[in-house]
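Structure at a glance
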Amino acid sequence: MDGYDKLVPSPTPDTQPYWDGLAAGQLRLQRCGDCHTVRHYPRPVCPSCYSMNTEWIDATGRGTVHSWTITHYAFHPGFKGDLPYVLVTVDLDEGVRMQSQARGIDTSQLRVGLPVKIAFEKVKDDLTLPVFVLA
Ligand SMILES: [Zn+2]
């Protein structure tokens, strides 16, 4: 895991539970404590009612492919070795969308509605990233 040379996130108090969840092998999503709207990405204010009352829920980690791109050009040198790679936008069972790289999904298999589930890649001692695999 040494030599990881890609851009890395900088957790904040608002996002730390998300990153801690990934490290523990669990996808966590925010849910409004007032109107119960689930949201992703993590942020301090509910987009539906503007409440700052936030809960965290354990997501199923399951969903379906909404869209994808096949990346052939690295916008950061750290990703050159991964080319080409697949980025998927997934409609999670909880009703929110999430983007991540796909793993083990042949591009000929990609279709809207393809069932996928989350997997976890520990890329550094202090960083675990989500990826999607076939469900
Ligand atoms: Zn709300």
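Report on the accompanying structure. The structure displayed is predicted, hence computed values, not measured ones.

Rules used throughout
- Residues numbered from 1 in each chain as written.
- Predicted model: local features only at pLDDT ≥ 70, side-chain atom pairs only at ≥ 80, totals over all residues.
- Heavy atoms only, no water.
- Helix = DSSP H or I, 4+ residues; strand = E, 2+ residues; numbered from the N terminus.
- Rg over C-alpha atoms; globule rule 2.2 N^0.38 Å.
- Areas by Shrake-Rupley, 256 points an atom, 1.4 Å probe, with all protein chains shown as cover.
- Salt bridge = Lys/Arg side-chain N within 4 Å of Asp/Glu carboxyl O.
- Buried < 20%, exposed > 50% of the residue type's maximum accessible area, 1.4 Å probe, protein only.
- Core = buried A, V, L, I, M, F, W, Y, C linked by side-chain atoms within 4.5 Å.
- Contact = heavy atoms within 4.5 Å.
- Donors = N, O, S within 2.8 Å, 3.2 Å for Na, K, Ca; no water.
- Tetrahedral: all angles 85-135°; square planar, octahedral: opposite > 155°, others 65-115°.
- Lys, Arg positive; Asp, Glu negative; His and termini not counted.
- Polar contact = N/O pair within 3.5 Å; in protein donor to acceptor, adjacent residues only side chain to side chain.

**Focus on the overall build of the chain**
Looking only at helices and strands, the chain has one helix and eight strands in total. Moving toward the C terminus, one meets the helices and strands of the chain in the order α-β-β-β-β-β-β-β-β. Over its C-alpha atoms the chain spans a radius of gyration of 16 Å, differing by no more than 12% from the 14 Å that the globule rule assigns to 135 residues. Across its three principal axes, the chain shows a C-alpha extent of roughly 45 × 35 × 25 Å. For the chain, the accessible surface area stands at approximately 7,800 Å², while carbon and sulfur atoms represent 51% of it.

**A look at the pattern of salt bridges**
Under the criterion given, the structure shown has six salt bridges. A salt bridge links D82 to K6; its shortest N-O distance comes to 2.6 Å. Residue D82 is found in the loop between β4 (62-71) and β5 (85-92), and its partner K6 is found in the segment before α1 (16-23); the two are separated by 76 residues along the sequence. K6 sits in the buried class, given a relative accessible area of 18%.

**Let's talk about the nonpolar core**
By size, the foremost hydrophobic cluster in this structure holds 24 residues, and its most contacted members are L27, L29, V88, L92, M98, V116 and F132. A per-element tally of this core places β5 first, with four residues. Excluding residues that lie within four positions of it along the chain, V116 makes contacts with G61, R62, G63, T64, V65, V90, I105, F132, V133, L134 and A135.

**Regarding the coordination of the zinc ion**
At this site the zinc ion is bound by C32 (SG), C35 (SG), C46 (SG) and C49 (SG), with donor distances of 2.3 to 2.4 Å. Each of the four donor atoms around the zinc ion contributes to a set of angles spanning 104 to 115 degrees, which defines the coordination as tetrahedral. Of the residues examined, C32 reaches a relative accessible area of 0% and is grouped as buried. Take C35: its relative accessible area is 33%, and that puts it in the partly exposed class.

**A word on the side chain of R39**
Among the structural elements, R39 can be located in strand β2 (residues 38-39). It is D14 that comes nearest to the buried, bridge-free R39 among opposite-charge side chains, at 7.0 Å. Within polar-contact distance, the side chain of R39 engages the side chain of T54 at 2.8 Å. Ignoring any residue separated from it by four or fewer positions in sequence, one finds R39 in contact with L29, Q30, C32, P44, V45, C46, P47, T54 and V96.

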